[in-house]
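# Tertiary structure, described
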Amino acid sequence: MLKYSRQREAIKNFLMTRTDHPTADMIYMHIKHQFPNISLGTVYRNLALLLSLGEISKINCGDGSVHFDPVITPHYHFFCNECGSVQDINISINTNLDILASENFSGEIEHHSIIFYGKCANCSNNKIDRSGDFKKFPNYNKK
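Now for a description of the structure that goes with this document. Residue numbers restart at each chain and count upward from 1, following the sequence in its written direction. Reporting of local features is limited, given that this is a predicted model, to residues whose pLDDT is at least 70; pairs of side-chain atoms are given and counted only at 80 or more, and all residues count toward the totals for whole chains, interfaces and linings. Remark: hydrogens and water are excluded; side-chain values derive from all non-hydrogen atoms of the structure.

Further remarks concern the state of the cysteines. Note on terminology: a disulfide is the covalent bond linking the sulfur atoms of two cysteines. Disulfides are defined as pairs of cysteine sulfur atoms found within 2.5 Å of each other. Taken as a whole and judged by the stated rule, the model has zero disulfides. With no disulfide partner, Cys 83 has as its closest neighbouring cysteine sulfur the one in Cys 80, 3.7 Å distant. Exposure classes here rest on a 1.4 Å probe applied to the protein chains alone. A residue is buried below 20% of its type maximum, exposed above 50%, and partly exposed in between. Here Cys 83 falls in the partly exposed class, since its relative accessible area comes to 46%. Cysteine Cys 123 shares no disulfide, and the gap to the nearest cysteine sulfur, in Cys 80, comes to 3.7 Å. For Cys 123, a relative accessible area of 10% translates into the label buried.

Here the focus is helix H3 (residues 40–52). Starting at the N terminus, helices and strands are each numbered in turn, a helix being any DSSP run of H or I of at least four residues and a strand any DSSP run of E of at least two. By definition here, a helix of n residues has an expected span of 1.5 Å times n minus one. For H3, spanning 13 residues, the distance from its first C-alpha to its last is 18 Å, which sits close to the expected 18 Å at 1.5 Å a residue. Among all positions of H3, only Thr 42, Val 43, Asn 46, Leu 47 and Leu 50 are buried. Looking straight down H3, one finds that the buried residues subtend no more than 135° of arc, so they occupy a single side. For H3, the exposed residues lying more than 90 degrees away from the buried face are Arg 45 and Ser 52. Every residue pair with non-hydrogen atoms within 4.5 Å of one another is taken to be in contact. Turning to H3, the residues buried within the fold contact helix H1 (6–16), helix H2 (24–34) and strand S2 (66–69). By definition, the arc is the one covered by directions from the helix axis to the C-beta atoms.

Two aromatic rings, drawn from Phe, Tyr or Trp (for Trp, its six-membered ring), form a pair once their centres lie within 6.5 Å of each other, and the interplanar angle then sorts them: stacked below 30 degrees, edge-to-face above 60, tilted otherwise. Here the structure, examined in full by the defined rule, presents two aromatic pairs. Here the aromatic rings of Tyr 76 and Phe 116 are separated by 6.2 Å at their centres, their planes lie at 90°, and the arrangement is edge-to-face. One end of the pair, Tyr 76, is in strand S3 (residues 76–80); the other, Phe 116, is in strand S5 (residues 115–118), and 40 residues separate them in sequence. For the ring pair Phe 79 and Tyr 117, a centre distance of 5.7 Å and an interplane angle of 65° mean the geometry is edge-to-face. You can see Phe 79 sitting in strand S3 and its partner Tyr 117 sitting in strand S5, a full 38 residues away along the chain.

The topology assignment puts Asp 98 in helix H4 (residues 96–103). Under the convention used here, Asp and Glu are negative, Lys and Arg are positive, and both His and the chain ends fall outside the count. In the sections that follow, a salt bridge refers to a side-chain nitrogen of Lys or Arg positioned within 4 Å of a carboxyl oxygen of Asp or Glu. Among buried Asp, Glu, Lys and Arg side chains, Asp 98 stands out as unpaired, with Lys 58 the closest opposite charge at 20 Å. In this structure the side chain of Asp 98 is engaged in a polar contact, spanning 2.7 Å, whose partner is the side chain of His 112. For the purposes of these results, a polar contact is taken to be a pair of N or O atoms within 3.5 Å, where, inside protein, one atom must be able to donate a hydrogen and its partner to accept one; residues adjacent in sequence count only when each atom of the pair is a side-chain atom.

So, about the pairing of S2. A strand pair is defined by DSSP finding two or more bridges across the two strands. Summarising the sheet, strand S1 (residues 57–60) and S2 pair through four bridges and their orientation is antiparallel. Residue pairing in the sheet places Asn 60 in a bridge with Val 66 of S2. If you look at the hairpin formed by S1 and S2, you'll find five residues sitting between the two strands, and Gly 62 has a positive phi there, around 90°.

This part is about the nonpolar core. Nonpolar side chains tend to gather and get buried jointly when the protein is soluble and globular. For this analysis, a nonpolar core means a set of buried residues of the types Ala, Val, Leu, Ile, Met, Phe, Trp, Tyr and Cys, connected via side-chain atoms within 4.5 Å. Ile 11, Leu 15, Ile 27, Ile 31, Val 43, Leu 47 and Phe 68 are the most contacted members of the largest nonpolar core, which totals 15 residues. Every element with two or more residues in this core is listed here: H1, H2 and H3. Setting aside anything within four residues of it in sequence, one finds Leu 47 in contact with Ile 11, Leu 15, Ala 24, Ile 27, Ile 56 and Phe 68. Cys 61, Phe 79, Val 86 and Ile 115 belong to the second-largest nonpolar core, a separate cluster that totals five residues.

This next bit is on the sheet that holds S5. Pairing is mixed in the open sheet, where three strands are placed in the order S4-S3-S5. The two strands at the open ends of the sheet, each matched to only one other strand, are strand S4 (86–89) and S5. Averaged over all adjacent pairs, the angle separating strand axes in this sheet is 30°, with direction ignored. Here an axis means a line fitted to C-alpha atoms, over the contact stretch when the element is a helix, while the angle between two N-to-C directions is reported on a 0 to 180 degree scale.

Everything listed here is a matter of geometry and, on its own, says nothing about what the molecule does.
Set out below in structure tokens:
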């Protein structure tokens, strides 16, 4: 039987309140307010344990960051290339992809994971892009 841990429970409860798929560092910064003596290593160990127990899932976005998700049922994600946010995409899982992949693969396909990449709504709606040009005010520089 697994020994109860207030810190692990706080990490899990924090994740359950979030939809932004925080990183371990984000979790650590939040949990540190409740447990000032907690270390980042303790957060990582507890996240690894929660993963091994199947209570959370992790998302590798390809940029070196790992995000954590309290939703363990299959679903798709979106990664913003601008701000690094991760969001759920509310569409049905396409099980036909597993079948199609199985037809072209000699191993056994168990499931799939898809991450869509682009700009989130918040970054797309910014008034100034990276070059400093105004997007929402096309007549701003006209004299």
